[in-house]
Amino acid sequence: MSETLENLLKETRQFPPPAALAAEANVKADAYAEADADRLAFWERQARRLAWAQDWEQVLDWSNPPFAKWFVGGRLNVAYNCLDRHVEAGLGDRVAIHWEGEPGDTRTITYADLHRMTCQAANALTGLGVTAGDRVAIYLPMIPEAAVAMLACARIGATHSVVFGGFSADALSSRIADASAKVVITADGGFRRGKPSALKPTVDEAVSRSGSVEHVLVVRRTGEEVAWSDRDHWWHETVEQASPEHTAEPFDAEHPLFILYTSGTTAKPKGILHTTGGYLTQTAYTAHAVFDLKPETDVYWCTADIGWVTGHSYIVYGPLANGATQVMYEGTPDTPHKGRVWEIVDRYGVTILYTAPTLIRTMMKWGEDIPAGFDLSSLRLLGSVGEPINPEAWMWYRQHVGRGELPIVDTWWQTETGAIMISPLPGVTATKPGSAMTPLPGISADVVDDQGQSVPNGGGGYLVLREPWPSMLRTIWGDDNRFVETYWSRFDGMYFAGDGAKKDADGHVWLLGRVDDVMLVSGHNISTTEVESALVSHPSVAEAAVVGATDPTTGQAIVAFAIPRGTADVSGDAGEALIADLRNHVAKTLGPIAKPRQIMLVAELPKTRSGKIMRRLLRDVAENRSLGDVTTLQDSSVMELISSGMKGGKSEDE
Ligand code: 6R9
């Protein structure tokens, strides 16, 4: 990317927070000034929200950048903070998790229950020889045992590495090997799309290839037949028979809490390492501040999978540290019907919903009649994470889920940042559809040009973080050099996030997608996000993905893939007419430079399990190459569909 990123999309709508929410908000406008006045004192006050067995001597040791130490000398236990202290405060009967399985089975788990289950799992892991500092791989469906397994590791100081239940034996075994995991916690399977989906065979294959694993702990979920070996132990025969008595020992604030692998754009996944005190401080604070979480009355639901960082920080650690009541759901949003998400909101009286743009755009595709069929009046706050949310998807979310009045917090962060960094505060910020708005109190984010100079309002460039933050990654597991190279070498003294961004006329931040995805068309840097948002702003488009394909005249040309909304007619000539209309619509919205060379109408897009569009694969299609690595794809049949459609229906008209 050269000096700036074009600033094409203009958005003038703005929505102040509802007065009642603003009046009662957990965090008010003064938090920004307070944090600006003394950033470290601010984070020190947030750390006081937790129970420490021993105080820290220093808030931040930044003497050896980029290797940070937060709350130096402090000691605490993460599981104690998420469970014991709530039970000790008399809240044992409060529901921690309303769990719903995909087939419709339910479990209600109180804080006392979750505490007991975690103590038993901690004892069982200790019995299997796991000690502080050992690594444990977790490969589970979305069942309460996933949270229990993570908390049990935290409780005994073992470092967990959660691997998505959808990943292959290859992906799993390379992650097991990279971390030399001693134990794997898995299940026979889980339920997805109405049927059992086996996990144990994948674990068997992965474990047979890696020498480090001594024991495999298996939760019985589907009841399907599984192969068995000497290293296997049923959860119900070990954990559920173990003693429920367990005293949580405190660990150093910098004790490794977990490793989570992120693929980024390069081949070898990076094991992002997070530690104890700073991570819990920032996840707990942001859950309180950004979701305005009121543990006594709210029912919170984050639809993420636990194998994504969002599941770590905003299903397990952030909400539980606050003593929240939440919903956890095992399955897919369209099983057995397309209203499943709204039915769950209705049934449990969900007040705060945190989801991803991919789900919102899928709901747009299915049509607004579906949420309209359920009582969503319990909702009071909506959140979004994972990708830029297109302004029209944001408006749809507010209109059809949020009754046209609920605040939306669009939260920007990464596996690497551990917790939310840029987001509105729901009781303070007048939001703009599509903007993550401003860095949270205590966070210093900026947008810089090629030379690392802050861009003026109205300009675009690279998103950076100028100061260390408590929940920052500490390194890439086993590879300090790669940590320095990847994040701290592009700009002197700044963390390089890898995302393009712009500041609007008021200085508010708009995320423009990964820097690697930025297109260079006739010398103009154009973000995929802005072209996608222009497409989604057309009434017939629910979702779009845009890539730059090599072009003999313009260097790169814009190739778009669009999913029509439920109501749009896309057969035959109507489809051709829509494509022509869409190209003109983009040119009119953003300017002629952004007019796609080619648009394909498709039924699906290739996505990762966390819903991010895999533009790399679409670029392969657009440039007629054979497909690259598809192992992190949620549904591999999607690519065949798109490739075959592409060959049959080229729609270049100029
Ligand atoms: C939490 C999470 C990180 C990347 C990040 C960015 C994109 C996440 C976003 C967003 C625009 C938002 N991203 N949230 N882009 N607006 N609100 O997603 O972590 O899976 O590591 O992905 O996701 O590109 O750099 P992770």
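Everything quoted here is computed from the prediction, not taken from an experiment.

## A short note on the sheet that holds strand β22 (residues 460-465)
Spatial strand order, β21-β22-β24-β25: four strands in an open sheet with antiparallel pairing. Each edge of the open sheet is held by one strand with a lone partner, namely β21 (445-448) and β25 (509-514). Ignoring which end each strand starts from, the neighbouring axes of this sheet average 45° apart. Pairing geometry for β22 and strand β24 (residues 495-503), over five bridges, is antiparallel. In the strand pairing of β24, Gly 461 is matched with Ala 501. Contacting β24 and β25, helix α17 (residues 528-536) runs over the sheet at an angle of about 105° to β25.

## Overview of the site of the ligand
Lining the immediate surroundings of the ligand are 17 residues, of which Trp 308, Asp 410, Thr 411, Thr 415 and Asp 499 lie closest. In the model, an oxygen atom of the ligand is placed 2.5 Å from a nitrogen or oxygen of the Thr 415 side chain. Relative to its unbound accessible area of 530 Å², the ligand is 94% covered by the protein chains. Contributions of two or more residues to the shell around the ligand are made by α11 (309-321) and β25. Partitioning the shell around the ligand into residue classes produces seven nonpolar, five polar and five charged.

## A few points about the sheet that holds strand β5 (residues 106-110)
Here we have seven strands laid out as an open sheet, ordered β5-β4-β17-β16-β18-β19-β20, and mixed in their pairing. The open sheet terminates on both sides in strands that have one partner only, identified here as β5 and β20 (408-410). Geometrically, the sheet is characterised by an average inter-axis angle of 15° between neighbouring strands, direction not taken into account. Pairing analysis gives three bridges linking strand β16 (residues 299-302) to strand β18 (residues 352-355), with the strands arranged parallel. Considered in β18, the bridge of Tyr 300 is made with Ile 352.

## Considering the UniProt feature "binding site: Mg(2+)" (unreviewed entry) in the chain
The sites that UniProt annotates as "binding site: Mg(2+)" (unreviewed entry) are Val 536, His 538 and Val 541. Those residues in contact with Val 536, other than ones at most four positions away along the chain, are Met 364, Asn 390, Glu 392, Ala 393, Val 541, Ala 542, Glu 543, Ala 544 and Arg 565. Structurally, His 538 is set in the loop between α17 and β28 (541-551). With relative accessibility at 7%, the residue His 538 sits in the buried group. Setting aside residues no more than four positions away along its own chain, His 538 makes contact with Leu 578, Asp 581, Leu 582 and His 585.

Here is what the cut-offs are and how they apply
Residues numbered from 1 in each chain as written. Predicted model: local features only at pLDDT ≥ 70, side-chain atom pairs only at ≥ 80, totals over all residues. Heavy atoms only, no water. Pairing = 2+ DSSP bridges. Helix = DSSP H or I, 4+ residues; strand = E, 2+ residues; numbered from the N terminus. Axes fitted to C-alpha atoms, helices over the stretch in contact; angles between N-to-C directions. Contact = heavy atoms within 4.5 Å. Near = heavy atom within 4 Å. Polar contact = N/O pair within 3.5 Å; in protein donor to acceptor, adjacent residues only side chain to side chain. Areas by Shrake-Rupley, 256 points an atom, 1.4 Å probe, with all protein chains shown as cover. Nonpolar A, V, L, I, M, F, W, Y, C, P; charged D, E, K, R; others polar. UniProt positions renumbered as here; feature names shortened; annotations may be inferred. Buried < 20%, exposed > 50% of the residue type's maximum accessible area, 1.4 Å probe, protein only.

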